[in-house]
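One letter stands for each residue in the lines below.
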Amino acid sequence: MIALTRILPLLIGWLLDLLLGDPQWMPHPVVWFGKMISFGEKRLNKGEHRKLKGALLSLFLVTFVFVVTWALLYMASLLSGNFDFSLFTFHFSLSTLFSSLIIFFCLAGTTLIREVRQTFLAVDRSLEEGRKQVARIVGRDTSELSAQEIRTAALETLAENLSDGVIAPLFWLAIGGVPAMLTYKMVNTLDSMIGYRTDRYKDFGYFAAHLDDVANYLPARLTAFLMVLASGRFTLLKFVLKYGAHHASPNSGYPEAALAGILNCRFGGAHTYFGQLFDKPYIGENDRLLTTADMQTAIRINRTSECIAMALLLMIYVMI
């Protein structure tokens, strides 16, 4: 029974993500997270002691999400007696429903795959359309990107999102359950909003960026391993170890290196964020043109890696 109470929400949440992605009509916790972060940043990111204020805001929001999620799950378990029915041979309750929805919200594999596919289709139609489409999924300035840079940005984001949007949430679900999974999403949202090394955020977002580095340290390397496993080319592990650290982030380089090795291409280079130019080290050496076939291969590797991770987590639940 204990295994089923974990397996059923996981399967429901994962299948909902596969089928729906992130529907625009549905309220999403990450949107609320963004509003809370923006509210605090506008009021605290000024004057002196910005590092301290940024750290306090980050710690408050992370703790708040964990405590509220745990409390809601506890309340749902108490109320489950009034909302309890059988679905085939499964025991379905309010806590199962709530956990399923949180897992669904935390997984972000399908939506980005759709966006990356649309980016490749858009840039094939026109450069301007490709720039507008890729701007939906990257934080860099896209107004002057070439077709090659658009495709590169899309694939880099796809590799990074496999870690941030799929493997890391599943990792933290395995470690600390649904509260830890949703708390990770707050950590990741903090980093995506204020964890930049620009003049505005370098102090205020310092703690948030490093907290995200810690939260993603193991998941990023696990993601790279799963990608290599999905490719069936274990010799690529040497490539990942060689280029994984060639990134401004201590973690993002590993899944990007895995994909660069699988596609035999090159990632990295100069990018503009919030009006400031950042020159990222190159990952890989083969500066060849990327094609739609590369996008299709990358999506296949993403999906296969995700399925392997799900299988491993289900095995862990069954053994427990």
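In this text, all values refer to a predicted model and were calculated from it rather than measured experimentally. In this convention, every chain numbers its residues from 1, walking through the sequence in written order. This being a predicted model, a pLDDT of at least 70 is required before a residue's local features are given, and a value of 80 or more before pairs of side-chain atoms are given or counted; all residues contribute to the totals for chains, interfaces and linings. Excluding hydrogens and water, the side-chain figures rest on all heavy atoms present in the structure.

S.K.: Is there a simple way to explain the layout of surface pockets in this structure?
M.R.: Over the atoms rolls a probe the size of a water molecule, and its path tells where empty space is left. With a 1 Å grid spanning the protein atoms alone, the term cavity applies to any set of points in which a 1.4 Å probe fits but cannot get out, the term pocket to an open set with protein on both sides within 12 Å along at least five of seven lines, and the term lining residue to any residue with an atom within 4 Å of a point. Grid points are joined across faces, edges and corners, and a volume is the space filled by probe spheres set on the points. The computed volume of the second largest pocket comes to approximately 550 Å³. If you trace the second largest pocket, you find 26 residues lining it, with Thr5, Arg6, Ser99, Gly177 and Val178 closest to the centre. Labels follow the DSSP assignment, with helices taken as runs of H or I lasting at least four residues and strands as runs of E lasting at least two, numbered in each case from the N terminus. A per-element tally of the lining of the second largest pocket places helix H7 (residues 147-194) first, with seven residues. Note that Gly is not counted as nonpolar here; it falls among the polar residues with everything else outside the nonpolar set of Ala, Val, Leu, Ile, Met, Phe, Trp, Tyr, Cys and Pro and the charged set of Asp, Glu, Lys and Arg. Here the lining of the second largest pocket is composed, by residue class, of 16 nonpolar, nine polar and one charged.

S.K.: Can you walk me through the packing of aromatic side chains in this structure?
M.R.: Aromatic rings considered in pairs are described by the distance between their centres and by the relative angle of their planes. Pairing of aromatic rings covers Phe, Tyr and Trp, the last counted by its six-membered ring, and requires centre-to-centre distances within 6.5 Å; plane angles under 30 degrees mean stacked, over 60 mean edge-to-face, and any other angle means tilted. All told, the structure shown has six aromatic pairs when counted by the stated rule. The interplanar angle of 25° and the centroid separation of 6.0 Å between the aromatic rings of Phe60 and Phe64 together place this pair among those described as stacked. Of this pair, Phe60 and Phe64 both sit in helix H3 (residues 50-79), four residues apart, roughly one helical turn. Owing to a relative accessible area of 37%, Phe64 belongs among the partly exposed residues under this scheme. Their ring planes at 45° and their centres at 4.7 Å tell us that Phe239 and Tyr243 sit as a pair that is tilted. One end of the pair is Phe239 and the other is Tyr243, both in helix H9 (residues 236-243) and four residues apart, which spans about a single turn. Note on classification: 1.4 Å probe, protein chains only; a residue is buried when its accessible area is under 20% of the maximum for its type, exposed when over 50%, partly exposed between these limits.

S.K.: Whenever I open this one, the pattern of salt bridges confuses me. Can you help?
M.R.: It is possible for side chains bearing opposite charge to pair when their charged atoms get close. A carboxyl oxygen of Asp or Glu within 4 Å of a side-chain nitrogen of Lys or Arg is what we treat as a salt bridge. A complete count under the given rule lists nine salt bridges for this structure. Note that Glu115 and Arg136 form a salt bridge whose closest N and O atoms lie 2.7 Å from each other. Of this pair, Glu115 sits in helix H5 (residues 109-125) while Arg136 is found in the loop between helix H6 (127-134) and H7, placing the two residues 21 residues apart along the sequence. Given the relative accessible area of 13%, Glu115 is considered buried. In this structure Arg136 comes out as exposed when scored by relative accessible area, which is 52%. Of the charged contacts in the structure, one is a salt bridge between Arg125 and Glu129, with a shortest N-O distance of 2.6 Å.

S.K.: Hey, could you run me through the side chain of Thr223 in this one?
M.R.: When you line up the elements, Thr223 lands in helix H8 (residues 206-231). Accessibility expressed as a relative area gives 0% for Thr223, which makes it buried. A polar atom in the side chain of Thr223 sits 2.7 Å from the backbone oxygen of Pro219. Two N or O atoms form a polar contact when they lie within 3.5 Å of each other; inside protein one atom must be a possible hydrogen donor and the other a possible acceptor, and for residues adjacent in sequence the pair counts only when both atoms belong to side chains.

S.K.: What is the right way to read the nonpolar core from this model?
M.R.: Where a protein is soluble and globular, its nonpolar side chains tend to be buried together. Of all hydrophobic cores here, the largest spans 74 residues; its most connected members are Val116, Leu155, Leu170 and Leu173. Residue contributions to this core peak at 20 residues, all from H7. Throughout, a residue-residue contact means that at least one pair of heavy atoms, one from each residue, lies within 4.5 Å. Residue contacts for Val116: discarding those within four places in its chain leaves Ile137, Ala154, Leu155, Leu158 and Met295. Residues grouped as a nonpolar core are buried Ala, Val, Leu, Ile, Met, Phe, Trp, Tyr and Cys residues, joined through side-chain atoms within 4.5 Å.

S.K.: Which parts of the structure should I look at to understand the state of the cysteines?
M.R.: Each disulfide is one covalent bond, formed between the sulfur atoms of two cysteines. For the purposes of this analysis, a disulfide is any pair of cysteine sulfur atoms at a distance within 2.5 Å. Inspection of the entire model under this criterion finds zero disulfides. Summary of cysteine pairing: Cys307 is not part of a disulfide, and the nearest cysteine sulfur, belonging to Cys106, is at 19 Å. Cys307 sits in the partly exposed class, given a relative accessible area of 40%.

S.K.: I keep staring at unusual backbone geometry and nothing clicks. Help me out?
M.R.: Leave glycine aside and you will find that most residues have negative phi; peptide bonds, for their part, are mostly trans. The phi dihedral of His49 falls on the positive side, at around 55°, and the residue is not glycine. Among the secondary structure elements, His49 is positioned in the loop between helix H2 (29-44) and H3. Overall, His49 belongs to the exposed group, its relative accessible area being 57%. For Asn264, which is not glycine, the phi dihedral falls at a positive 55°. With respect to the element layout, Asn264 can be found in the loop between helix H10 (253-263) and strand E3 (267-273). When its relative accessible area of 47% is taken as the criterion, Asn264 is described as partly exposed.

S.K.: It is not clear to me how a nonpolar patch on the surface should be interpreted in this structure. Could you clarify?
M.R.: Taken together, the side chains of Phe66, Val67, Trp70, Tyr74, Leu78 and Leu79 define a hydrophobic patch exposed on the protein surface, amounting to about 630 Å² of accessible area. With respect to the secondary-structure elements, Trp70 resides in helix H3. Excluding any residue in a salt bridge, patches collect residues exceeding 30% relative accessible area, merging like charges within 9 Å and nonpolar Val, Leu, Ile, Met, Phe, Trp and Tyr side chains within 5 Å. Note on areas: Shrake-Rupley, 1.4 Å probe, and residue coverage restricted to the protein chains presented here.

S.K.: Help me out: how do you make sense of the environment of Leu112 in this one?
M.R.: Of note, Leu112 is situated in helix H5. A relative accessible area of 10% places Leu112 in the buried class.

S.K.: Honestly, the packing of helix H4 (residues 94-106) against H7 in this entry has me stumped. Any pointers?
M.R.: Each pair of packed helices can be described by the angle between their axes along with the distance between the axes. Between the N-to-C directions of two axes lies an angle of 0 to 180 degrees, each axis being a line fitted to C-alpha atoms and, for a helix, fitted only over the stretch in contact. It is at 10 Å that the axes of H4 and H7 come closest, and there the two elements cross at 145°. Crossing of H4 against H7: the hand is right-handed. Residues Ser99, Ile102, Ile103 and Cys106 of H4 form the contact with H7, whose participating residues are Gly165, Pro169, Leu173, Val178, Met181, Leu182 and Lys185. Among the residues forming the contact of H4 with H7, the class breakdown is eight nonpolar, two polar and one charged. Helix crossings are classified by the rotation of the near helix relative to the far one: an anticlockwise turn of less than a right angle makes the crossing left-handed, while a clockwise turn makes it right-handed.

S.K.: I would appreciate a short explanation of H4 in the present structure.
M.R.: What sets the pattern is the α-helix's 3.6 residues per turn: residues three or four places apart point alike. The terminal C-alpha atoms of H4 lie 18 Å apart, and with 13 residues this matches the ideal 18 Å at 1.5 Å per residue to within 8%. Among the residues of H4, those classed as buried are Ser95, Thr96, Ser99, Ser100, Ile102, Ile103, Phe104, Phe105 and Cys106. Expected helix span is taken as 1.5 Å per residue step, with the number of steps being one fewer than the number of residues.

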